[in-house]
Amino acid sequence: MRIAHTMLRVKSMDESLDFYTNKLGLELRSHKELPGADADLAFVRDPKSGHEIELTYNHDGRDYDLGDAFGHIAFYVESVDETFEEWRAKGVPFSLEPKTMKNGTRIAFAVDPTGYKIELIEAPEQA
C-alpha cells in the first residue's frame with residue numbers, strides 16, 4: 001500500500017492553482033470539470049516526493065467550514081528562512097513567521113487562499 005493523494009475543497013480554483021503552482025512550485029498534473037458532479041478537480045504534485053494534492057471546487061456555492069480536526073500539510077525545506085522570504089515576496093501570507101522550537105527544529109506556517117495551513121519544516125540532514 002502507498003498513499004495516493006490528499007484532497008482539499010477549495011473556495012476558488014483559480015486562486016488555489018496560482019498558489020500551489022506559481023507560489024509553492026508544485027506541478028499541475030491535470031485539471032478538469034466533472035459536469036455530472038458539478039465540480040472541478042485539479043491535481044498538483046510535489047516533484048520531489050511525488051505526493052499529489054487534489055483540489056476540488058464544488059459549483060454549489062457552499063462555503064465549507066474548515067473545521068477543527070484537520071491540522072496542516074507539511075513540507076520539508078532546506079531553509080525555512082529562505083523559503084519564507086521567497087514565498088513572502090510572492091505574496092504568500094503567513095500565520096507564523098519562522099521560529100525555532102524547543103527541540104531545535106525551525107518551522108513556519110503559511111496559509112493558502114482557502115485557509116489551509118502549510119507548515120515549513122527545516123529538513124534534517126537525513127531527510
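Residues numbered from 1 in each chain as written. Predicted model: local features only at pLDDT ≥ 70, side-chain atom pairs only at ≥ 80, totals over all residues. Heavy atoms only, no water.

**Looking at the sheet that holds strand β1 (residues 5-9)**
The criterion, for reference: By the convention used here, strands pair only if DSSP detects at least 2 bridges between them. Secondary structure counts use DSSP, requiring at least four H or I residues in a row for a helix and at least two E residues in a row for a strand, with both numbered from the N terminus. For helices, the axis comes from a line fit to the C-alpha atoms of the stretch in contact; other axes are also lines fit to C-alpha atoms, and the angle between any two N-to-C directions lies between 0 and 180 degrees.
With mixed pairing, four strands are arranged side by side in an open sheet as β1-β4-β3-β2. Each edge of the open sheet carries a strand with a single partner, namely β1 and β2 (27-34). Taking each pair of neighbouring strands and ignoring which way they run, the sheet shows an average axis angle of 20 degrees.

**A closer look at the pairing of strand β3 (residues 39-45)**
Where we set the bar: Three labels apply to residues, based on accessible area from a 1.4 Å probe with only protein chains included: buried if under 20% of the type maximum, exposed if over 50%, partly exposed otherwise in between.
Summarising burial for β3: six of the seven residues are buried, a large majority. Sheet topology places β2 next to β3; seven bridges connect them, and they run antiparallel. Directly across from Ser30, in β3, lies its bridge partner Phe43. Hairpin remark: β2 followed by β3, antiparallel, with four residues in the connecting loop; positive phi at Asp38, about 55 degrees. The pairing of β3 with strand β4 (residues 52-58) spans seven bridges and is antiparallel. Paired with Val44 across the strands is Ile53, a residue of β4. Connecting β3 to the antiparallel partner β4 that follows it, the hairpin turn spans six residues, and Gly50 within it adopts a positive phi of roughly 85 degrees.

**Topic: the nonpolar core**
To keep things clear, this is the line we draw: Among the buried residues, those of types Ala, Val, Leu, Ile, Met, Phe, Trp, Tyr and Cys that are joined through side-chain atoms within 4.5 Å form a nonpolar core. Any two residues whose heavy atoms approach within 4.5 Å are treated as being in contact.
Grouped together as the largest cluster of nonpolar side chains are 25 residues, with contacts concentrated most on Tyr20, Ile53, Leu55, Trp87, Phe94 and Ile118. When residues of this core are traced back to their parent elements, those giving at least two are α1 (13-23), β3, β4, β5 (73-77), α2 (80-89), β7 (106-111) and β8 (117-122). In terms of residue count, the dominant contributor to this core is α1 (four residues). Look past the residues within four positions of Ile53 in its chain and what remains in contact with it is Thr6, Leu8, Tyr20, Leu26, Ala42, Phe43, Val44 and Ile73.

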